[in-house]
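The residues making up each chain are set out below.
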Amino acid sequence: MASRNPWLRPAGTDGLVPVRVLWDRFAALYGEKWRGLFADEPARAAWGEEAGALLYGRGIRWQLALVALERLRGSVTAESVPPSLAEFADLALPAMDFGAAFDEARAQAPLEEMGRAHWSCAAVYWAARDFGFHRMATASWSRNKSEWMRLLSARVAGDCPAIPARMAQPAYQRGDPQLARAALADLRARLSRV
């Protein structure tokens, strides 16, 4: 049975295995310091299995690893020591409290439609939007943990524009028929979606 872990499967048209490419990139960055850590092919294979499991478990995709490799490339000196897997994972995806972000999204999602939500960062907003604001309001952590981690990781790593500005809702003022009609039309539109 083939592994579901994309780090351990051939990818793309060239069929390269991402964890092996990662090992080669470390070898290019650190040279003999890196190769010296692995006495033989079984040690290298063991590192690959461990790296694949850790990176997949933390929700780190190849794009995030590339960003981390670029950070390393900019800081490597002759005295630099190769990072551990955990250090590399932290560099690729900074420590993030996915549970706290989920709780924030669940609390803010119902407020978003009313224009009263306050988001800590754009990534949480866009992940909640990807998940679905209505669905988010009633979601449970135990059932949706992996999907939430995938969506939030993707937003942290990739396309994450600023939170869109909200239009101020016109407030009905007594005696203004135009505002009253607009408020009633808005109410009808909201009720028709329910």
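Use the structure listed above.
How each quantity is defined
Position labels on residues start from 1 in each chain and follow its written sequence. In keeping with the model being predicted, local features are shown solely for residues with a pLDDT of at least 70 and side-chain atom pairs are shown and tallied solely at 80 or more, while totals for entire chains, interfaces and linings include all residues. Values shown for side chains rest on all heavy atoms present in the structure; no hydrogens or waters enter the calculation. Labels follow the DSSP assignment, with helices taken as runs of H or I lasting at least four residues and strands as runs of E lasting at least two, numbered in each case from the N terminus. We compute the radius of gyration from the C-alpha atoms alone; for a globule the expected value is 2.2 Å times N to the 0.38, where N is the number of residues. Exposure classes here rest on a 1.4 Å probe applied to the protein chains alone. A residue is buried below 20% of its type maximum, exposed above 50%, and partly exposed in between. Between two residues, a contact is recorded if the distance between any of their heavy atoms is within 4.5 Å. Every accessible area reported is derived by Shrake-Rupley at a probe size of 1.4 Å, with residue values counting cover from the shown protein chains alone. Salt bridges are defined as contacts in which a side-chain nitrogen from Lys or Arg sits within 4 Å of a carboxyl oxygen from Asp or Glu. For our purposes a nonpolar core is just a set of buried Ala, Val, Leu, Ile, Met, Phe, Trp, Tyr and Cys residues, chained together by side-chain atoms within 4.5 Å. Between the N-to-C directions of two axes lies an angle of 0 to 180 degrees, each axis being a line fitted to C-alpha atoms and, for a helix, fitted only over the stretch in contact. Reported orientations rely on four angle classes, namely roughly parallel under 35 degrees, roughly antiparallel over 145, roughly perpendicular from 65 to 115, and oblique for the rest. Each residue is assigned to one of three groups, with Ala, Val, Leu, Ile, Met, Phe, Trp, Tyr, Cys and Pro labelled nonpolar, Asp, Glu, Lys and Arg labelled charged, and all others, Gly among them, labelled polar.

K.L.:
So what's going on with the overall build of the chain? Which residues, and what values?
P.N.:
Each helix and strand counted, the chain has 10 helices and zero strands in total. The linear arrangement of helices and strands in the chain, starting from the amino end, is α-α-α-α-α-α-α-α-α-α. Radius of gyration (C-alpha) of the chain: 23 Å, far over the 16 Å computed for a compact globule of 194 residues. Principal-axis analysis of the C-alpha atoms gives the chain an extent of 85 × 40 × 30 Å. A burial count over the chain gives 32% of its 194 residues as buried. Contacts in the chain between residues at least 24 apart in sequence constitute 64% of all its contacts with a sequence separation of at least 6. Split by element, the accessible area of the chain, about 12200 Å² in all, is 56% carbon and sulfur.

K.L.:
Account for the pattern of salt bridges, naming residues and giving values.
P.N.:
Any two side chains of opposite charge can pair, given that their charged atoms come close. This model, assessed by the stated rule, comprises seven salt bridges. The salt bridge involving glutamate 32 is made with arginine 35; its shortest N-O contact spans 3.6 Å. Of this pair, glutamate 32 and arginine 35 both sit in helix H2 (residues 32–35), three residues apart, which is roughly one turn of the helix. Here arginine 35 falls in the partly exposed class, since its relative accessible area comes to 38%. Ionic pairing is found between glutamate 147 and arginine 135, a salt bridge with its closest N-O pair at 2.6 Å. In this pair, glutamate 147 is assigned in helix H9 (residues 141–157) and arginine 135 in helix H8 (residues 133–138), connecting sequence segments 12 residues apart.

K.L.:
Give me the nonpolar core: which residues, what numbers.
P.N.:
Judged by nonpolar contacts, the single largest core of 45 residues is most densely connected at Trp47, Phe88 and Trp148. Looking at this core, the elements with two or more residues in it are helix H1 (18–30), helix H3 (41–57), helix H4 (62–75), helix H5 (85–92), helix H6 (98–112), helix H7 (122–131) and H9. Non-local contacts of tryptophan 148, meaning those with residues more than four positions away in its chain, are made with Phe98, Ala101, Phe102, Ala105, Val124, Ala127, Ala128, Met136 and Trp141.

K.L.:
So what's going on with the environment of phenylalanine 98? Residues and values would help.
P.N.:
Mapped onto the elements, phenylalanine 98 comes out in helix H6. Here phenylalanine 98 falls in the buried class, since its relative accessible area comes to 10%. Linking phenylalanine 98 and histidine 118, residues 20 residues apart in sequence, is a C-alpha distance of 17 Å. Setting aside residues up to four positions removed in sequence, phenylalanine 98 forms contacts with Leu93, Trp141, Trp148, Met149, Leu152 and Ser153.

K.L.:
Give me the packing of H1 against H4: which residues, what numbers.
P.N.:
One can describe the packing of H1 onto H4 by two numbers: an axis separation of 11 Å at closest approach and a directional angle of 5 degrees. By the criterion of interaxial angle, the relationship of H1 to H4 is roughly parallel. The segment H1 lies against H4, with Pro18, Val21, Leu22, Arg25, Phe26, Leu29 and Tyr30 engaging Trp62, Leu66, Leu69, Leu72 and Arg73. When the residues that make up the contact of H1 with H4 are grouped by side-chain class, the tally is 10 nonpolar, no polar and two charged.

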